[in-house]
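# Notes for the structure review
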Amino acid sequence: MSATIIDGKVIAEKVREEVRLAVANMQQVHGYAPGLATVLVGEDPASSTYVRSKQRTCEQLGIRSLGYHLPAETTQKELENLVAELNANPEVNGILVQLPLPKHLDEEAVLNKIDLAKDVDGFHPVNIGRLAMKGRDPLFIPCTPAGCMRLLEETGVTLKGADAVILGRSNIVGLPMAMLLQKADATVTICHSRTKDLQAHLKRADVLIAAVGRTEMVTGDMLKPGVVVIDVGINQKEDPTAKRGYRLVGDVDFESAKEVAGAITPVPGGVGPMTIAMLMANTLRAAEIALSKK
Ligand code: GUN
């Protein structure tokens, strides 16, 4: 049996279309379009590509994009001053500081300074705290986990009572994902490099979120038949036939996993397109919050 392929490109386009329509409506009714400030420090090639892609998507959806590119040697004070300036700027609804920051900068201190109502990444400790707590809701949910939830929802996956296993405990994906799945009434297990018997956990999983960044580490024989697999990994795998000498693969071996899983996201074309789409949705929400305060 071959799994249903969860098409992130199609679902991301649906999200972008929802945002595009809502932005056009906001423009018409309020004469106002959402604005996103992106802050990139240094020259990390992957980060530069991501930020460019975020800016391009803004333009496609009618969202104003304000780009700030600071040199790698920017000081903590300079970066925090920029965040303060963006907090005070009414033209800016969302602030995105691209991570990782260069090593000499204190990421926690910077994220702490972002106005809660402009925290479109959902990384502010108050937003994360609310996500963790019962009966509380954050203003914004981190984009990649929010994208994974939307993929599960669009696929019609039942989360209530499901055994969900998350591979990886990063602040950006694993941790918020665990909190979201728990809020959706799944029974959540977080597995990581010190987990004693990964195989035993995987064999029980009705839903697997793989977010460790290790090339094809999960193979079909490790999975429970019918499991829904969301593969967040984006890894380079050597491939002499590819133009760049490598191709992108996930944390899950797609070919063997699709023979066992009930549904699975491909890499590329699964979770990847969802992250930016959800960022656009969060930016729209930030503008709605700003308008509601006027
Ligand atoms: N680096 C990798 N993913 C993300 C993300 O979702 N937001 C930010 N700001 N940086 C990232």
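Let me sum up the structure you'll find in this document. (Residues numbered from 1 in each chain as written. Predicted model: local features only at pLDDT ≥ 70, side-chain atom pairs only at ≥ 80, totals over all residues. Heavy atoms only, no water.)

## Things to note about the pairing of strand β6 (residues 187–191)
- By the bridge criterion, 5 bridges tie strand β5 (residues 163–167) to β6 in an arrangement that is parallel. Looking at β6, one finds that Ala164 is bridged to Val188.
- In this fold, β5 hands off to helix α7 (residues 174–183), which returns the chain to β6; that crossover is right-handed. (Pairing = 2+ DSSP bridges. Helix = DSSP H or I, 4+ residues; strand = E, 2+ residues; numbered from the N terminus. Right-handed = clockwise from strand over helix to strand, strands pointing away.)

## Topic: the sheet that holds strand β8 (residues 228–231)
- Ordered in space as β1-β11-β8-β7-β5-β6, the 6 strands form an open sheet in which the pairing is parallel. The two strands at the open ends of the sheet, each matched to only one other strand, are β1 (4–5) and β6.

## Let's talk about the pattern of salt bridges
- Within this structure, the stated rule accounts for 15 salt bridges.
- The salt bridge partner of Glu216 is Lys237, with a shortest N-O separation of 2.9 Å. Here the residue Glu216 occupies a position in the loop between β7 (207–210) and β8, and Lys237 occupies one in strand β9 (residues 235–238), the gap between them amounting to 21 residues.
- Connected through salt bridges with shared partners, the residues Glu13, Arg16, Glu17 and Arg20 form a single ionic network. (Salt bridge = Lys/Arg side-chain N within 4 Å of Asp/Glu carboxyl O.)

## Describing the site of the ligand
- Every residue lining the ligand is accounted for by Leu96, Val97, Gln98, Leu99, Asp121 and Phe123.
- Backbone polar atom of Val97 to a nitrogen atom of the ligand: 2.8 Å apart, as the coordinates give it.
- Here the ligand loses 84% of its free accessible area of 280 Å² to cover by the protein chains.
- A per-class count over the shell around the ligand returns 4 nonpolar, 1 polar and 1 charged. (Near = heavy atom within 4 Å. Polar contact = N/O pair within 3.5 Å; in protein donor to acceptor, adjacent residues only side chain to side chain. Areas by Shrake-Rupley, 256 points an atom, 1.4 Å probe, with all protein chains shown as cover. Nonpolar A, V, L, I, M, F, W, Y, C, P; charged D, E, K, R; others polar.)

## Re the nonpolar core
- Counting 54 residues, the largest nonpolar core has Leu152, Leu181, Ile230 and Met280 as its most contacted members.
- In this structure Met280 touches Val19, Leu36, Lys54, Thr57, Cys58, Leu61 and Ile63, once residues within four positions along its chain are discounted.
- In terms of nonpolar packing, the next biggest core, distinct from the first, is built from 19 residues, Val39, Leu82, Ile95 and Phe123 among them. (Core = buried A, V, L, I, M, F, W, Y, C linked by side-chain atoms within 4.5 Å. Buried < 20%, exposed > 50% of the residue type's maximum accessible area, 1.4 Å probe, protein only. Contact = heavy atoms within 4.5 Å.)

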